[in-house]
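Observations on the three-dimensional arrangement
Okay, here's what each chain looks like letter by letter:
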Amino acid sequence: MKTLTLEIKDETIADKIVWMLQHFKNDGLVIRESEATDNLKASIKQSVDELNMVKSGKLKAKPVEELLNAI
C-alpha cells in the first residue's frame, strides 16, 4: 500500500482531480480529504486531555509565568 498526499491550492483543479480519482475506487483506491483543521482538532483534544490529567493529579502543571516568559 502507498499513501500520497496532494496539496492543491486551486479548488477547481482539486475538484477535477477528485472526480478523476473517483473512477479508481472500484480498484481499491481510498480517497480521504483532510484539512488543516484535523491537526487543530487533535491539538485541542490533547490539550483537554492534559487539563483533565492535571485536574485529577496525574500530571503536574507548570506555572503560567513560565509559559508567558517563554513567549
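An account of the accompanying structure is given in this report. (Residues numbered from 1 in each chain as written. Predicted model: local features only at pLDDT ≥ 70, side-chain atom pairs only at ≥ 80, totals over all residues. Heavy atoms only, no water.)

Secondary structure summary: the chain contains three helices and zero strands in total. In the chain, the succession of helices and strands from N to C terminus is α-α-α. Over its C-alpha atoms the chain spans a radius of gyration of 20 Å, topping by over 25% the 11 Å that the globule rule assigns to 71 residues. Looking at the chain residue by residue over its 71 residues, the buried ones come to 1%. Surface summary for the chain: the accessible area is close to 7,300 Å², and the carbon and sulfur share equals 56%. Charged side chains in the chain number 11 positive and 12 negative. The centres of these two groups are separated by 7 Å. (Helix = DSSP H or I, 4+ residues; strand = E, 2+ residues; numbered from the N terminus. Rg over C-alpha atoms; globule rule 2.2 N^0.38 Å. Buried < 20%, exposed > 50% of the residue type's maximum accessible area, 1.4 Å probe, protein only. Areas by Shrake-Rupley, 256 points an atom, 1.4 Å probe, with all protein chains shown as cover. Lys, Arg positive; Asp, Glu negative; His and termini not counted. Charge placed at Lys NZ, Arg CZ, Asp CG, Glu CD.)

Together, Trp19, Met20, Phe24 and Leu29 line one region of the surface with nonpolar side chains, adding up to about 430 Å² of accessible area. Structurally, Phe24 can be placed in the loop between helix H1 (11-22) and helix H2 (36-56). In this structure Phe24 comes out as partly exposed when scored by relative accessible area, which is 42%. (Patch = residues over 30% accessible without salt bridge, like charges linked within 9 Å, V, L, I, M, F, W, Y side chains within 5 Å. Salt bridge = Lys/Arg side-chain N within 4 Å of Asp/Glu carboxyl O.)

Per the stated rule, a full pass over the model turns up one salt bridge. Between Lys45 and Asp49 there is a salt bridge whose closest N-O contact spans 3.1 Å. Of this pair, Lys45 and Asp49 both sit in helix H2, separated by four residues, roughly a single helical turn. Residue Asp49 is classed as partly exposed on the basis of its relative accessible area, which comes to 34%.

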